Amino acid sequence: FFGLAYLSQLRLQDQMTAIGPYTWMRYQRLEKWALHVFVKEGRFYLLALTLLIIGTLGVGTIKGLSLSLTTSLLSISPLQLLLQLIGISMLQLMLYSLLSFILLWQFSDGYATIGLFGVLSVFLLPNFNRYGIFPSGLNGFAQLQSFSLMHLMIVLLIYVGLSLVWLYVLFQKSIRI
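Along each chain, residue indices are assigned from 1 in the same order as the chain's sequence is written. Residues qualify for local features only when their pLDDT is at least 70, as the model is predicted, and side-chain atom pairs are given and counted only at 80 or more; totals for whole chains, interfaces and linings, by contrast, use all residues. Each side-chain value is derived from all of the structure's non-hydrogen atoms; neither hydrogens nor water enter the calculation.

*Asks:* Looking at this structure, how should I read the packing of helix H3 (residues 30-62) against helix H4 (residues 78-106)?
*Replies:* A pair of packed helices is characterised by two quantities: the angle between their axes and the separation of those axes. Only the stretch in contact is used when fitting a helix axis, every axis being a line fitted to C-alpha atoms; angles between N-to-C directions are given from 0 to 180 degrees. Numbering of helices and strands runs from the N terminus; a helix is a DSSP stretch of H or I covering at least four residues, while a strand is a stretch of E covering at least two. Relative orientation of the contacting elements H3 and H4 amounts to 140°, with a least axis distance of 10 Å. Relative to H4, the element H3 is oriented oblique. In this structure, H3 crosses over H4, and the sense of that crossing is right-handed. Contacts between H3 and H4 involve Leu30, Trp33, Ala34, Phe38, Glu41, Gly42, Tyr45, Leu46, Leu49 and Ile53 from the former and Leu85, Ile86, Ser89, Met90, Leu93, Met94, Ser97, Leu98, Phe101 and Trp105 from the latter. Any residue that is not Ala, Val, Leu, Ile, Met, Phe, Trp, Tyr, Cys, Pro, Asp, Glu, Lys or Arg is counted as polar, Gly included; the first ten are nonpolar and the last four charged. A breakdown of the residues in the contact of H3 with H4 according to their chemical character gives 16 nonpolar, 3 polar and 1 charged. Oblique is the label for every angle not falling under 35 degrees (roughly parallel), over 145 degrees (roughly antiparallel), or within 65 to 115 degrees (roughly perpendicular). By convention, the crossing between two helices is left-handed when the near helix turns anticlockwise from the far helix through less than a right angle, and right-handed when the turn is clockwise. We call two residues in contact when some of their heavy atoms are within 4.5 Å.

*Asks:* Explanation requested: the environment of Thr61 in the structure shown.
*Replies:* With respect to the helices and strands, Thr61 occurs in helix H3. Thr61 sits 30 residues away from Glu31 along the chain, and the two C-alpha atoms are 44 Å apart.

*Asks:* How should unusual backbone geometry be read in this particular structure?
*Replies:* A negative phi holds for most residues other than glycine; trans holds for most peptide bonds. In the Ramachandran plot, Gln28 falls in the positive-phi region, its phi being about 65° despite a non-glycine side chain. Its place among the elements puts Gln28 in the loop between helix H2 (21-27) and H3.

*Asks:* What is the right way to look at the nonpolar core in this model?
*Replies:* Inside soluble globular proteins, nonpolar side chains tend to come together where they are buried. Side-chain atoms within 4.5 Å link the members of a nonpolar core, which is a set of buried Ala, Val, Leu, Ile, Met, Phe, Trp, Tyr and Cys residues. We call a residue buried when its accessible area falls under 20% of the maximum for its residue type, exposed when it is over 50%, and partly exposed in between, using a 1.4 Å probe and counting protein chains only. The biggest cluster of nonpolar side chains holds 47 residues, and the ones touching the most others in it are Trp33, Tyr45, Phe101 and Trp105. Mapped onto this core, the elements with two or more residues apiece are helix H1 (2-17), H3, H4, helix H5 (111-122) and helix H7 (149-173). For this core, the leading source of residues is H4, giving 15 residues.

*Asks:* Help me out: how do you make sense of the packing of H1 against H5 in this one?
*Replies:* Direction vectors running N to C along H1 and H5 enclose 165°, while the axes themselves pass 11 Å from each other. When the axes of H1 and H5 are compared, the pair comes out roughly antiparallel. The chirality of how H1 crosses H5 is right-handed. From H1, Phe2, Ala5, Tyr6 and Gln9 reach across to H5, where they touch Thr113, Ile114, Phe117, Leu120 and Ser121.

*Asks:* Please explain the side chain of Ser136 as it appears in this structure.
*Replies:* Position of Ser136 among the secondary structure elements: in the loop between H5 and helix H6 (143-146). Using a relative accessible area of 1% as the deciding quantity, one classes Ser136 as buried. We define a polar contact as two N or O atoms separated by no more than 3.5 Å, with the added condition that, inside protein, one atom must be a possible hydrogen donor and the other a possible acceptor, whereas residues neighbouring each other in sequence contribute only through side-chain atom pairs. At 2.5 Å, the side chain of Ser136 and the backbone oxygen of Leu120 are in polar contact. Beyond its immediate chain neighbours, meaning those up to four positions away, Ser136 contacts Phe2, Gln92, Tyr96, Leu120, Ser121, Phe123, Leu124 and Asn129.

*Asks:* So what exactly am I meant to see when it comes to the environment of Asn129 here?
*Replies:* The topology assignment puts Asn129 in the loop between H5 and H6. The class for Asn129 is buried, based on a relative accessible area of 10%. In this structure, the C-alpha to C-alpha distance between Asn129 and Leu167, residues 38 residues apart in sequence, is 25 Å. Every residue in contact with Asn129, bar those within four places of it in the chain, is listed here: Phe123, Phe134, Ser136, Leu138 and Phe147. Among the polar contacts listed, one links the side chain of Asn129 to the backbone nitrogen of Ile133, at a separation of 3.0 Å.

Here it is as structure tokens:
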């Protein structure tokens, strides 16, 4: 999902360069503006995940596979499969957006975000995220072989929460608008 997160970073960069008096008058607080931006990004991700699911089902149908929410690779329920596909993926993508937003707020160019994606990519390699504590690649179904769905959700929620606190602190110290 780094490609999708990079597209989001480009969209965020456009939003952040468009901050001006009109934005300040409309939202009056940075937190309200950021919430508006992240709701838009959440819709963008939900649309992308929906298209991914529809595309996958379409390819499966063309190949003659049955349309069911079961897998022979993992022994998980259909509800867990959907939660992993939609819930964990949304948390992972929103975390990437939050981290991108924070880096874009601190550094106006997008090079820091590319560096962030590079560092996060390292944790996709085998044995680099053995305990599932780094927020990279946790949305993959292979993670369910090693970690419970609850573990993955808690790790991502902790990182999202810490990122939101970090963003709030940045907004309190900022005189950007």
